[in-house]
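The lines below spell out each chain.
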Amino acid sequence: MLKLLSPAKINLFLRIVNKRPDGYHNLSSLFQTIDLADTLSFEFHSTDILTCTDAELSVDANNLVLKALRLFRQKTGFSKNLKIHLEKKIPMQAGLGGGSSNAATTLWALNQLSNLEISNQQLGEWGAEIGSDVAFFLSCGTAYCTGRGEIIQEINTLPSQSLWIVKPAINQSTPAVFKQLKVSTEAETNQDLEAILTQKFAYFNDLEKPVFEINPALNELKHYLYSCGFKTVLLCGSGSSFFCLGSGQLPLSDDITVYKANFINRTQACWYQSNY
Ligand code: C5P
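Residues numbered from 1 in each chain as written. Predicted model: local features only at pLDDT ≥ 70, side-chain atom pairs only at ≥ 80, totals over all residues. Heavy atoms only, no water.

Colleague: Any chance you could explain the layout of surface pockets here in plain terms?
Modeller: Over the atoms, a rolling probe the size of a water molecule traces out where space has been left empty. For the largest pocket, the calculated volume is near 1200 Å³. Considering the residues around the largest pocket, the lining is formed by 45 residues, among which Leu64, Ser100, Asp133, Thr174 and Pro175 are closest to the centre. Of all the elements in the fold, those that place two or more residues in the lining of the largest pocket are strand 1 (2–19), strand 2 (25–44), helix 1 (64–76), helix 2 (98–114) and helix 4 (174–180). Considered class by class, the residues forming the lining of the largest pocket number 16 nonpolar, 22 polar and seven charged. (1 Å grid on protein atoms, 1.4 Å probe; cavity = no way out; pocket = protein on both sides within 12 Å on 5 of 7 lines; lining within 4 Å. Points joined across faces, edges and corners; volume = space filled by probe spheres on them. Helix = DSSP H or I, 4+ residues; strand = E, 2+ residues; numbered from the N terminus. Nonpolar A, V, L, I, M, F, W, Y, C, P; charged D, E, K, R; others polar.)

Structure, rendered in structure tokens:
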């Protein structure tokens, strides 16, 4: 059996550059994996079966794990059947990329199990056919991402940081956020890369505005988290969760779940390893 971590991501900054003729948005973003992670187990079996600890997640053909399996088969001719178990810890519709991470982890696992030695770059290009964030999860965990998110430039590991992920009961659908977004001007994105390389980038997320228009309660939550003492509070991707840096009084509410996390990275040759 092959058992692998499937980490979440946060966007340390997320700039929306413009809207494209194909309906997607070009973005400029610094992505970082964190050790809030699902676990995926793979073993050969007589038929394909996907099981999951979270009954709310459908395990039918729309699940990104099975989409990744189908894609890998189409690309390589791999024909073995698998039993796959997903232990879900990453909250869903939270902007943490859990589904995309599961797809990337599945591609990595299939590459191992088939002994085909397909490059990370190739797996990432295939993964982008499933979702814009999948390619990032085949990087080493810190990357500057452009295009619709699938053009990856690896960045040296950043200084380790611990953070809190705060997930309210509200869920947020990504397409709804992009639909609400009104893109104004095209930004100077190449300065973003320079800011990363000199470690002088600012934390911001252009998706906060449309998300707060859809859900004003999330704007209130952001202000509340600042009042708890955190130095930085930023929406994760398209929401609904926030990441908080610095120290603060953690919110105690039945409607809010809080997760402690750290940045996590991997080497080219190995998959993500648990820090515990
Ligand atoms: O690529 P993915 O399936 O994750 O995207 C989900 C939705 O988010 C897309 O259908 C699109 O509406 C929106 N999106 C976008 N621009 C991006 C990424 C996603 O408009 N760069």
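On we go.
Colleague: Teacher, can you tell me more about the packing of aromatic side chains here?
Modeller: Working definition: an aromatic ring pair is given by the centre-to-centre distance plus the angle between the planes. Following the criterion strictly, the structure yields 11 aromatic pairs and no others. Judged by centre distance (5.7 Å) and plane angle (85°), the ring pair of Phe201 and Tyr203 falls under edge-to-face. Three or more aromatic residues joined by ring pairs form one cluster here, namely Phe13, Phe201, Tyr203, Phe204 and Phe243. In this structure, Arg148 is placed above the aromatic ring of Tyr24, and the distance from its NZ or CZ to the ring centre is 5.2 Å. The ring of Trp164 has Lys260 sitting right over it, with the charged end atom 5.0 Å from the ring centre. (Phe/Tyr/Trp six-rings, centres within 6.5 Å; stacked < 30°, edge-to-face > 60°. Lys NZ or Arg CZ within 6 Å of the ring centre and 35° of its normal.)

Colleague: Can you help me understand the site of the ligand in this one?
Modeller: With respect to spatial proximity, the complete set of residues near the ligand consists of Gly23, Tyr24, His25, Leu27, Gly131, Ser132, Arg148, Thr174 and Phe178. Here an oxygen atom of the ligand sits 2.5 Å away from a polar atom, N or O, in the side chain of Ser132. With respect to the ligand, the backbone of Arg148 contributes an N or O atom lying 3.0 Å from a nitrogen atom. With respect to the pocket detection grid, the ligand is positioned in the largest pocket. Elements represented by at least two residues in the shell around the ligand include exactly strand 2 and helix 4. (Near = heavy atom within 4 Å. Polar contact = N/O pair within 3.5 Å; in protein donor to acceptor, adjacent residues only side chain to side chain. Sits in = over half its atoms within 2 Å of the grid points.)

Colleague: Just checking my understanding: could you explain helix 7 (residues 216–227) for this structure?
Modeller: An α-helical turn contains 3.6 residues, so a residue and the one three or four places further along point in the same direction. Here helix 7 is 12 residues long and its end C-alpha atoms lie 17 Å apart, about the 16 Å a rise of 1.5 Å per residue gives. Lining the buried residues of helix 7 we find strand 7 (162–168), helix 6 (208–214), strand 9 (232–235), strand 10 (242–245) and strand 11 (256–262). Count one or two residues on from helix 7 and you reach Gly229, which has phi positive near 110°. (Expected span 1.5 Å × (residues − 1). Contact = heavy atoms within 4.5 Å.)

Colleague: Hey, could you run me through the pairing of strand 2 in this one?
Modeller: It is a general feature of regular strands that their side chains alternate between the two faces of the sheet. Among the 20 residues that make up strand 2, 17 are buried, leaving the element largely enclosed by the rest of the structure. The pairing of strand 1 with strand 2 spans 16 bridges and is classified as antiparallel. In the strand pairing of strand 2, Pro7 is matched with Ala37. Looking at chain direction, strand 2 and strand 5 (residues 142–146) are connected through four bridges and run antiparallel. Following the sheet pairing, Gln32 is matched in strand 5 by Thr142. Note: strand 2 against strand 4 (residues 82–87), six bridges, orientation antiparallel. If you follow Leu40 over to strand 4, its bridge partner there is Leu86. (Buried < 20%, exposed > 50% of the residue type's maximum accessible area, 1.4 Å probe, protein only. Pairing = 2+ DSSP bridges.)

Colleague: Sorry if this is basic, but what is going on with the side chain of Asp133 here?
Modeller: For Asp133, the position within the fold is in the loop between helix 3 (120–127) and strand 5. Look at Asp133: it is buried, it has no salt bridge, and the nearest opposite charge is Lys9 at 4.1 Å. In contact with Asp133, other than residues within four places in its own chain, are Lys9, Phe31 and Ser100. (Lys, Arg positive; Asp, Glu negative; His and termini not counted. Salt bridge = Lys/Arg side-chain N within 4 Å of Asp/Glu carboxyl O.)

Colleague: I would appreciate a short explanation of the pairing of strand 1 in the present structure.
Modeller: Taken across its 18 residues, strand 1 has 14 buried, putting it largely inside the fold. Turn length for the strand 1-strand 2 hairpin, with the two strands adjacent in sequence and antiparallel, is five residues, and the turn residue Gly23 shows positive phi of about 95°. Bridge count for strand 1 against strand 8 (residues 204–205) is two bridges, and the pairing is parallel. The residue of strand 8 that forms the bridge with Phe13 is Phe204.

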